[in-house]
Every structure is written in structure tokens, then in C-alpha cells.
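# Overview (structure and organization)
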Amino acid sequence: MSQHKAKEGIKKVYLESGLEVKPLYTRQDALAGNPDLDAERPGEYPFTRGIHPLMYRQRPFTMRQYAGFGSPEETNQRFKFLINNGQTGLNVAFDLPTQCGLDSDDPRALGEVGRVGMAIDTLSDFETAFEGIDLESITVSMTINGSALVMMAMFFALAEKRGYDLANLRGTAQNDILKEFIGRGTWIFPVDKSVKVVVDTIEYCAKHVPKYSPVSVCGYHIRESGANPIQEMAYAFCIAKAYTNQALLRGIDIDEFASRLSFNFDIYGNFFEQIAKFRGGRRLWAKIIREQYGAKDDSSCWMRMIAGGGGAGLTKEQPENNIVRTAYYALVSALSGTQTMALCTYDEAYTIPSEQAAQIALRTMQIMIHEMGIGDTVDPLGGSYYVESLTNEFEQAIQAEMARVDGWGGIVEAVASGKVQEAVSKQAYIREKAMQEGKVLKVGQNCFTVDGEKAQTVEFHPYNAAAAQTQIDKLRAVRATRDKQALEQALDHLRNDAEQGRNLMPATISAVKAYATVGEIISILKSVYGEYQEPIFF
Amino acid sequence: MIILLAKPGLDGHDVGVKVLAHALQEAGHQVHYTGLRKSVEFIVQRAMETTPDLICLSILSGSHLLICQRMGQLMAEKGISIPWLVGGNIPESDLVKLESYGATKAFATGTSIHQAVQYIESLAYA
């Protein structure tokens, strides 16, 4: 009786996803949604416990901090600083004009050149940015979407010029345009044409650059835009399926490209909820690829991911607390079996990371793997009654949310009509209200605040207007010295291929080799495809 | 009030502006939102067409100084006296400068939606 009373007196706990958390879990809970629990092994389908049998025991996660600002020269220096500090991969940030397909001297680029990332206009800039960096030992990931076709073409052209074999070239392009319509916003072409261009890159890579990952599907930005963890995974999987369906229509075999699709996910909020989200999601993705698409190769079924960042979880108030939050996010990421880790720096919510902040983030990962033994055994939370039970619940909840998107006519249709954007922005408002009302607590922001806070201890990265002018001068010099006839030919070829509906990658590579600018290439494609008209939803 | 929310420049971060749109709508105001990547010229033109009581600019890319300088110039050129605010990712040290360009008020990073709505409503009764 008293026990009953005590139970009634316990406050109910709900996760952000809406799932209820019990005060205690037992073996029955873990088995209830997954009778095969004891048989699950890492490296074996459906990969709940990890995609490799030995995980970090064999190879630690790649450490890949996001970096890039100003000119290609400045970015090259930051790259080398990170590599000299033990970073094992690069994650390139581009400025907004580059991301939107504009040249540095375009009037719309005024004040934006080199501001939030590195400015790229021509292949010459790529040559500078990666000068002295061995692209075979350091893998490069590019955070680029709307103009990803052009940046990938430049990367491949640079690799060829250096004499690398494209058949062995590794690396990743984010190149997930569907999520740009939901969050982040660097779209260029209408939705269907945008998907066509992404599928061109998948097709080209499957045939010519088979070890390169042409798309990293991003739940990350969808969650940063307000989605809850279930929506994050569900929308990302729907997007990955949309690209997959289109690639299959071109006659490419599922096992020729599925293993090169990867994911980028977000970490903030409840600790165990995020871990269960990844474990449940990994199991579900494996089942989708094998059961719905008939993939034979195990590697096709892997939900490979980069995870660790969670910008929306960080606060401006008491910014040093972000170092602590970030360390927890790193722990979540490692306990979830990530392949690559990138952490937000404590100052990143409002400025380009300082060198010191970037180093602290890198050290956070190094401390975890080298001092704390996080990689000693595979999936250390496997078998936890709570984590396993929540993993099962997540698998089902993600599946149910995906069915909802199907009910909207599929993700491409739901993005074009604005349905997804509406759902995500509603969720963002619900969360904001919950924070305002103190239902969701944020330390330093709506609780444990410091009186009369002037805790602005973050230094802002200065914008280098002179560097922007140097970039423009360099662009004009390249324009003046290139072979005009070769350029015209290459651009005509590109226009023709776009009009004929051919794969755009070969003509784009030829164009960048002739030193066509980002703006010239994108303008031609815009003239053929048109531009996206944003549906206004909030 | 009729309020025009706008995203000038190339910045694609629209979570904040959309949350503000929801909050203002819930508080009973009529909200128009421009969508992403609009030029200052477009925004001022839209303001002339819809004659809002207030224009709010949201800028997170760091290019707020140039954009707001242009906004102030164009509003003066066109002789428009609609008050305008700017918020987003803005260091405290830039607030005075932004107001000198003609912004009725500039909000630094970390301003809560609640504070912004309160300020906006205070304008209605001023």
C-alpha cells in the first residue's frame, strides 16, 4: 500500500521525444521489444551494437573539427594547426557566397566573403587551401550543399592534378540538399532539380570515385531547427531513402552506393535519449536497407555517422559551461558508436572558434579516448535494461514518424509544400515556450543564472575586410589569365548537359579545370533549372 | 500591430525569426515574414507595400553592420519612418552603432523571445 502511494507520488518523466521514462527498468523491459537481444553482436546485422566487430578497439573514431574562415591561405594555416595538434580528418567550412553559388565579387556577397567559412571562387583557391596537406592520409569532409556539385568537382580535379587515383580517393561531401530546405537554407534550385543534382554526384561517385562518400544526410540541422530526436532520425532516413530511390531509378545497384551514404546527427538534451536514438536508428536503417531494398552487402546496411556537435544545446550565458556540455556530448557520441566526432567549441554559438577553443574541443576527444578508456570495449552500454528498452522504443517511434511523412506524400513532396518546415518550426516554438515557462531547464539561462550577468567572456573573431578584397583581386586575376576558349567550350558543354538531363559531374569537372568560377557554373544551371521559391511557413 | 519580419543577407538561420513569428502571432499581432536571403531593397519595398507598424531584421551571419547601414540609408532615401529593430547574433559592442544607423533598437545575442515581444508591445503603446 505504501509502495503504491510512493509510486503515485513520483513525478512522471517524459523525454523530449514524448516517451515516458520509468523509474526502474528490468530485463523484461529490455526483452519486451527485442526478443533477440542476447544474440545481437557488433559488426553483425542489424548492427544495433555498432557497425564493426571491434569498433574503437581496432580504430578510434576520426576527430574532425569544423574549420574554415577568411581566405584559402588563412584556412590552410588553421588546417595545419589542427593536424599538428593530432586531428585526424578535416571538416571544411565555406563562406555563404560560396555556399549559395555566388562569386566573391557578386554584389550580393558584400560583407559575407570569408565571414563564416573560407571563400572559394575557382580551382586555384582549392589548390591554396590544401597546399601541403596529403589528401590520402588526411580525409577531407566538406560542409557544402547547394553548390556541392562544384566543390566536389574541384576536389576531384585537385586530386587528379596531384596524381591521386580517384578510385582510391576518400572523403565526404555533406551534399544533403533536402535538409537545406528544412534548416540551414543554402538551397539554390527548385526541390526536384536539387535532388537530381545530388543523385548525379551519387551516380558519378559509384562509377568513378567508389570510396568517396558523396552524401552525408543531416538529421543534425533538422534538429537544430527545432525537430525532436524522433523527427530528426525519421526525416533524415526519409531523405536518405529519397536519394536512394532516385539512384535506383538510374539503374545503379543498391550495393554499389548504399555503403557510401553516411549521416550527420545532433547531440544535445537528454543523455540516454540520444544514445537510444542512435542505437535504435542504426538497427532500423539496417532493416530498411536490407528488407526494403534487398541489399546483400552488410556495409550497405551500416548507419555510418558523424556526431558530437550540438550547437542548440550551448548557451551564451556562462560560456565555459559549454566545455562541460560538449564533453558530455562527446561521451554520448562515443557510447553510441560514432565513426567520426566533431564537437562544437564553447564559443561557436556566436563566433568563429578561437584557436584555443578549437584546441579544447580536440583535447576533449583525446582525453576521452586516451585517458579514460572509452574505446577499450565495444558498446559498453549494450545490455543496460534502460538503454536497450529505450532503443527498442526509438526504433518503433522513428518508424511511425516515417510513416507519417509517407502520409504527407513522401519527404520530397512534404519539403516542397512546406509541411516538414511547418512541423519543425512548430516544434521549435513549443520548446522555446517550455524553456520560457521553466518546464525545460537550461543551466545559466533559465535557472542557476548569475545576477547582473555580464558574463561575456567570449572574444569575437574579427572579420577581415582586407582579406575579402584580396580574395576579389585574386578572383579577377584568375579570370583575366585563363584560356577563354577552353572556358567557353567547357561552359557550353555544361549548359548542354543540363538541358539534356545528363549527369552534370563530368562537365562540371571540365569547367573547374578551365578555372570557371562557382558563380559562372551555378548561373548556367540556374538559367536551365530556375531557382527555388521558398514557401513561407512558420 | 502589423509586423514585418525579414531575413536580409545570405544567412540561412531562421529558427529564431520563426519562433518570434509564432510568439507575436500568439500575442495577437499580424505577422508577415519575407523568407530567406532578401535584399534590403526587397525588404523596404515590401514595407512600402504592406505598411507595417514595425520591421524586424534577423541576422546571424555577422554581416549586420553593413546590412543595417544600408537599411538606414534606404529608409531615409525613401522617406519611410516605420521603426525597425535588429536581432540575431549580435555582439553587445555593436548595439550603439546599429542604433546610430537608424535602428530603433538592436538586440544582442541571448535576448529572449519574451524580452523581444515585451519590447515590441511597448512600442504599440508608446
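This one's a predicted model, so the numbers in the text were calculated from it and none came from an experiment. (Residues numbered from 1 in each chain as written. Chains lettered and ligands numbered in written order. Predicted model: local features only at pLDDT ≥ 70, side-chain atom pairs only at ≥ 80, totals over all residues. Heavy atoms only, no water.)

Let's shift gears to the environment of A:A109. With respect to the element layout, A:A109 can be found in the loop between α4 (96-100) and α5 (123-129). With a relative accessible area of 0%, A:A109 lands in the buried category. A sequence separation of 323 residues divides A:A109 from A:E432, and the C-alpha atoms of the two residues are 32 Å apart. Dropping the residues within four chain positions of it, A:A109 is found in contact with A:P97, A:D103, A:S104 and B:L10. (Helix = DSSP H or I, 4+ residues; strand = E, 2+ residues; numbered from the N terminus. Buried < 20%, exposed > 50% of the residue type's maximum accessible area, 1.4 Å probe, protein only. Contact = heavy atoms within 4.5 Å.)

Moving on, we get to the interface of chain A and chain B. Contact with chain A, which involves 35 residues of that partner, is made by 30 residues of chain B. For the pair chain A and chain B, the summed buried surface comes to about 2700 Å²; carbon and sulfur atoms form 60% of the total. On the chain A side of the interface with chain B, the three residues burying the most area are A:K316, A:Y429 and A:F538, jointly 25% of the side's total. Joining chain A to chain B, the criterion identifies two salt bridges. The residue B:E92 makes a salt bridge to A:K316 at a minimum N-O spacing of 3.4 Å. The element best represented in the side of chain A that touches chain B is helix α17 (residues 419-436) of chain A, accounting for eight residues. Of the residues that constitute the side of chain A that touches chain B, the class distribution is 16 nonpolar, seven polar and 12 charged. (Buried area = accessible area lost by both parts, 1.4 Å probe. Salt bridge = Lys/Arg side-chain N within 4 Å of Asp/Glu carboxyl O. Nonpolar A, V, L, I, M, F, W, Y, C, P; charged D, E, K, R; others polar.)

It is worth spelling out the pattern of salt bridges at this point. All names here are of chain A. The full count for this structure, using the stated rule, is 38 salt bridges over all chains. A salt bridge links R184 to E180; its shortest N-O distance comes to 3.1 Å. The class for E180 is buried, based on a relative accessible area of 1%. Ionic pairing is found between R250 and E203, a salt bridge with its closest N-O pair at 2.9 Å. One end of the pair, R250, is in the loop between α10 (229-249) and α11 (254-257); the other, E203, is in helix α8 (residues 191-208), and 47 residues separate them in sequence. Judged by its relative accessible area of 12%, E203 falls in the buried class. Where salt bridges share partners, they join E16, R223, E232, K277 and R431 into one cluster.

A few words on the pairing of strand β3 (residues 54-59) of chain B. Residue and element names in this part refer to chain B. Counting buried positions over the six residues of β3 gives six, a clear majority of the element. Burial along β3 is two-sided: the face carrying L54, C56 and S58 and the face carrying I55, L57 and I59 are both buried. Pairing geometry for strand β1 (residues 2-6) and β3, over four bridges, is parallel. Considered in β3, the bridge of L5 is made with C56. Note: β3 against strand β4 (residues 84-88), five bridges, orientation parallel. In the sheet register, I59 faces β4, and the bridge partner there is G88. Tracing the backbone out of β3, into helix α3 (residues 64-78) and back to the parallel element β4 gives a crossover that is right-handed. (Pairing = 2+ DSSP bridges. Right-handed = clockwise from strand over helix to strand, strands pointing away.)

A few words on the packing of α17(A) against helix α1 (residues 15-26) of chain B. Direction vectors running N to C along α17(A) and α1(B) enclose 70°, while the axes themselves pass 9 Å from each other. The angle between the axes of α17(A) and α1(B) places the two elements in the roughly perpendicular class. On α1(B), the residues that touch A:Q421, A:S425, A:K426, A:A428, A:Y429, A:E432 and A:K433 of α17(A) are B:V15, B:K18, B:V19, B:H22, B:A23 and B:E26. Broken down by class, the residue content of the contact of α17(A) with α1(B) amounts to five nonpolar, three polar and five charged. (Axes fitted to C-alpha atoms, helices over the stretch in contact; angles between N-to-C directions. Parallel < 35°, antiparallel > 145°, perpendicular 65-115°, else oblique.)

This part covers the sheet that holds β4(B). In space, the five strands of this open sheet follow the order β2-β1-β3-β4-β5 (chain B), with parallel pairing throughout. If you trace the sheet from one side to the other, it starts and ends with β2 (30-33) and β5 (105-106) of chain B, each paired once.

Residue and element names in this part refer to chain A. Position of N145 among the secondary structure elements: in the loop between β6 (139-143) and α6 (148-161). Residue N145 is classed as buried on the basis of its relative accessible area of 3%. A polar atom in the side chain of N145 sits 2.9 Å from the side chain of E180. In contact with N145, not counting residues within four places along its chain, are Q174, N175, D176, I177, K179, E180, R184 and T186. (Polar contact = N/O pair within 3.5 Å; in protein donor to acceptor, adjacent residues only side chain to side chain.)

Residue-level pLDDT values for chain A average 94, and 97% of them are 70 or greater. The low-confidence segment residues 1-5 of chain A (pLDDT under 50) makes zero contacts with residues lying over four places distant or belonging to another chain. (pLDDT = per-residue confidence, 0-100.)

This next bit is on the sheet that holds β6(A). Residues and elements named next belong to chain A. Spatially, five strands are ordered β4-β5-β6-β7-β8 in an open sheet, and the strand pairing comes out parallel. The strands lining the two open edges of the sheet, one partner per strand, are β4 (66-67) and β8 (212-213). Relative to β6, strand β5 (residues 89-93) is paired through five bridges, and the arrangement is parallel. Across the sheet, L90 pairs through a bridge with V140, a residue of β6. The strands that α6 touches are β6, β7 (171-173) and β8; relative to β6, the one it contacts most, it runs at about 160°.

Moving on, we come to the packing of aromatic side chains. Residues and elements named next belong to chain A. Inspection of the entire model under this criterion finds 22 aromatic pairs over all chains. Here the aromatic rings of F155 and Y212 are separated by 6.0 Å at their centres, their planes lie at 40°, and the arrangement is tilted. Here Y212 lies in strand β8 and F155 lies in helix α6, a separation of 57 residues in the sequence. With respect to burial, F155 and Y212 carry one shared label: buried. Centroid distance W187 to Y532: 4.9 Å. Interplanar angle 65°. Geometry classified as edge-to-face. Of this pair, W187 sits in the loop between α7 (177-180) and α8 while Y532 sits in the segment after α21 (518-529), and the two are 345 residues apart along the sequence. With a relative accessible area of 8%, Y532 lands in the buried category. Here a set of aromatic residues connected by ring pairs shows up, and it is made of F79, F126, F130, F155, F156, Y204 and Y212. (Phe/Tyr/Trp six-rings, centres within 6.5 Å; stacked < 30°, edge-to-face > 60°.)

In this structure, A:P46 follows A:Y45 across a cis peptide bond, with omega equal to 5°. Looking at the element boundaries, A:P46 is found in the loop between α2 (27-32) and β3 (62-63). Phi angles above zero are rare outside glycine, and A:F47 is one such case at about 65°. As for its placement among the helices and strands, A:F47 is situated in the loop between α2 and β3. With a relative accessible area of 1%, A:F47 lands in the buried category. Although it is not a glycine, B:T51 adopts a positive phi angle of roughly 35°.

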